[in-house]
Amino acid sequence: MDTSIFSIKFSCYYNRCNSFCCRGEDGIGAPLFRKEVILWDNIYYKILEFLPEEKKRIVEFNKGITCSGDKCYTFVDKYGECIFLIRDSNGLYRCAFQRAYEEGVIDFPKPLSCRLFPLRIIEAYRNKYLKFVFYRECRLALNSDIYLVDFLKEPIKEIFSEEGFQLFMKYFDLYKNKDKNSPTSK
Ligand code: SF4
């Protein structure tokens, strides 16, 4: 288990970053989990009504995903935006999945990798670990008093088995207690 993420304090300032993480700095969309790809045909068409015409046409054509081998991602348009990123009436960016979820149209809040961000699951030497990905637009989020792991506890829970999650949280609680009692934290 890589415990380097335990020390990070982070909570999103959505109104300040305006969903920068959905605007593909690296030109790659949100990674999709296998179980999401399997369910995709039951989800994507339900949010077409939330998309502007140009994006709607693209999603009708390619379902809003792109795959390479067994890895699939949300599609990124020519402006570098996730195809499911929309603007509300105030010009603020929003996720179409999230909006449809809040309106009770779908029971899929948005892809798990989006809810996990800025953590990404990295595979190396047959192991998987959680890596913190830093975007400069996230710097305000680092001023938080909240531990990143607490902030993302619910999505983190979804990537572990029940037993694995208990173990992960046990190590995290040990870290927090040690951090609280360290001389530099006083
Ligand atoms: S699916 Fe939604 S949250 Fe995820 S990158 Fe696209 S717009 Fe952002």
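In case you missed it, the structure is sitting above this.
Structure report, in brief.

Definitions and limits used
Per chain, residue numbering runs from 1 following the sequence as it is written. Local features in a predicted model are, by the rule used here, given only for residues with pLDDT of at least 70; side-chain atom pairs are given and counted only at 80 or more, and totals for whole chains, interfaces and linings are based on all residues. When DSSP finds two or more bridges between a pair of strands, those strands are recorded as paired. Comment: elements are numbered from the N terminus, with helices defined as DSSP H or I runs of at least four residues and strands as E runs of at least two. Only the C-beta atom, placed from the backbone, is used; a residue is near a molecule or strand if that atom lies within 6 Å of it. Three residue categories are used. Nonpolar comprises Ala, Val, Leu, Ile, Met, Phe, Trp, Tyr, Cys and Pro, charged comprises Asp, Glu, Lys and Arg, and polar comprises the others, including Gly. Once C-beta atoms are placed from the backbone, each residue is buried if 20 or more other C-beta atoms lie within 10 Å of its own, exposed if 12 or fewer, and partly exposed for counts between those two. Remark: residues whose backbone-derived C-beta atoms lie within 7 Å of one another are considered to be in contact. Each nonpolar core consists of buried Ala, Val, Leu, Ile, Met, Phe, Trp, Tyr and Cys residues. Their C-beta atoms, within 7 Å, join them into a set.

Strand order in the open sheet formed by 3 strands is S1-S3-S2, with antiparallel pairing between adjacent strands. Pairing within the sheet leaves two strands with one partner each, and these edge strands are strand S1 (31-32) and strand S2 (65-68). With 2 bridges connecting them, S1 and strand S3 (residues 71-74) associate as antiparallel partners. Bridge pairing links Pro31 to Tyr73 in S3.

Attention shifts here to the site of the ligand. Looking at the ligand, the residues that line it are Cys22, Ala30, Thr74, Cys82, Phe84, Leu85, Cys95, Phe97, Lys110, Pro111 and Cys114. In terms of residue class, the shell around the ligand is made up of 9 nonpolar, 1 polar and 1 charged.

Below, the discussion takes up the environment of Pro111. Inspection of the secondary structure puts Pro111 in the loop between helix H4 (96-102) and helix H5 (112-116). Classification of Pro111 as buried rests on a count of 24 C-beta atoms within 10 Å. Counting along the chain gives 104 residues from Pro111 to Ser7, while the straight-line C-alpha distance between them is 25 Å. When neighbours within four sequence positions are excluded, Pro111 is seen to be in contact with Ala30, Leu32, Glu36 and Thr74.

This part is about the pairing of S2. Sheet topology places S2 next to S3; 4 bridges connect them, and they run antiparallel. Bridged to Ile65 within S3 is Thr74. Connecting S2 to the next strand, S3, in antiparallel fashion are 2 residues, including Gly69 with a positive phi near 60°.

The next subject is the nonpolar core. The biggest cluster of nonpolar side chains holds 21 residues, and the ones touching the most others in it are Ile47, Cys82, Phe84, Cys95, Ala96 and Phe97. Put simply, the parts of the chain that give this core at least two residues each are strand S4 (85-87) and H4. Per-element accounting of this core gives the leading share, 3 residues, to H4. Among residues more than four places away in sequence, those in contact with Ala96 are Ile47, Phe50, Leu51, Phe84 and Ile86. Core analysis: the next-biggest nonpolar cluster, separate from the first, contains 10 residues, Leu119, Ala141, Tyr147 and Ile156 among them.

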